[in-house]
Amino acid sequence: MPSDAEIIEAFENTDYETVIPNEEPFITLYEHLDDTAKSYFLCEGDRYGIFYFDEEITIDILINEKTFLNVISEEERTIIHLLYRGENDSFDIYFPFLHKKEQQMSFLRSLKERKTFRIHYLMSLYGGIFKAATKEYTLSDTLAVMLP
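The shown structure was predicted, so the numbers you read here are calculated from the model rather than taken from an experiment.

## Regarding the sheet that holds strand β8 (residues 128–138)
Within a sheet, each strand pairs with its neighbour through backbone hydrogen bonds, oriented either parallel or antiparallel.
1) Next: If you trace the five strands from one edge of the open sheet to the other, you get β1-β8-β7-β3-β2, paired in mixed fashion. Strand pairing shows two members of the sheet lacking a second neighbour, β1 (18–20) and β2 (38–44), which therefore form its edges. Here the strands of the sheet are splayed against their neighbours by 40 degrees on average, with no regard to which way each runs.
2) Next: Across three bridges, the pairing between β1 and β8 is antiparallel. Paired with T18 across the bridge in β8 is K131.
3) Next: Sitting on the sheet, helix α3 (residues 56–64) touches β3 (47–54), β7 (116–125) and β8, and the angle it makes with β7 is about 155 degrees.

Following this line, the structure appears as structure tokens:
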């Protein structure tokens, strides 16, 4: 089984607007992103990947429209909350990070300092996972201090 870093590196070396092969090292993505409206987090050392898999229309909105960020702090987890509020549509996406998982806590501590992170957007196409886009987000100082 490939490491998180190997999956992230292979993903980054895959062209956008292509279907990711349903083979190593991407089997893990196919196993975890088996339905729409799902997120998946990989992390090893200072390399991380936040993946979000959904329908084409939702991904198009997330890539092209204005979204808002929020941080929800709970006792056992911290959630990065992505909100879209449009004229005819609205939705919320939650990226939970569990405090008991050291890799996830390491990511959150690093995010608190740098305040920027990327989400890789994926959608279903021809029965496969299509690499649509990567978008960078910046947390405000107010939100960053809410991170553990």
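## Section: the pattern of salt bridges
1) Next: Under the defined criterion, the tally for this structure stands at eight salt bridges.
2) Next: E74 serves as the salt-bridge partner of R77, at 2.6 Å between the closest nitrogen and oxygen.
3) Next: On the basis of relative accessibility, which here comes to 36%, the residue E74 falls in the partly exposed class.
4) Next: Of the charged contacts, one joins D92 and R85 as a salt bridge, the two residues approaching to 3.0 Å between their closest N and O atoms.
5) Next: Judged by relative accessible area, which is 44%, R85 ranks as partly exposed.

## Notes on unusual backbone geometry
1) Next: Note the cis peptide between E24 and P25, where omega equals 5 degrees.
2) Next: With respect to the helices and strands, the residue P25 is situated in the loop between β1 and α2 (27–32).
3) Next: Here K115, not a glycine, exhibits a phi torsion of approximately 70 degrees, which is positive.
4) Next: Among the secondary structure elements, K115 is positioned in the loop between α4 (102–114) and β7.

## Topic: the nonpolar core
1) Next: Counting residues in hydrophobic clusters, the biggest one holds 31 residues, and the most contacted among them are I50, L82, F95, F107, F117 and I119.
2) Next: Counting residues in hydrophobic clusters, the runner-up holds 15 residues, among them I7, I8, L29 and F53.

## Description of α4
1) Next: If you check α4, its first and last C-alpha atoms are 18 Å apart, about what 13 residues at 1.5 Å a residue would give, namely 18 Å.
2) Next: Among the residues making up α4, those that are buried are Q104, M105, F107, L108 and L111. Down the axis of α4, the smallest arc covering the buried residues is 155 degrees, so these residues share one side. Turned more than 90 degrees off the buried face of α4, the exposed positions are E102 and E113.

Rules of the game
- Residues numbered from 1 in each chain as written.
- Predicted model: local features only at pLDDT ≥ 70, side-chain atom pairs only at ≥ 80, totals over all residues.
- Heavy atoms only, no water.
- Pairing = 2+ DSSP bridges.
- Helix = DSSP H or I, 4+ residues; strand = E, 2+ residues; numbered from the N terminus.
- Axes fitted to C-alpha atoms, helices over the stretch in contact; angles between N-to-C directions.
- Contact = heavy atoms within 4.5 Å.
- Salt bridge = Lys/Arg side-chain N within 4 Å of Asp/Glu carboxyl O.
- Buried < 20%, exposed > 50% of the residue type's maximum accessible area, 1.4 Å probe, protein only.
- Core = buried A, V, L, I, M, F, W, Y, C linked by side-chain atoms within 4.5 Å.
- Expected span 1.5 Å × (residues − 1).
- Arc of directions from axis to C-beta.

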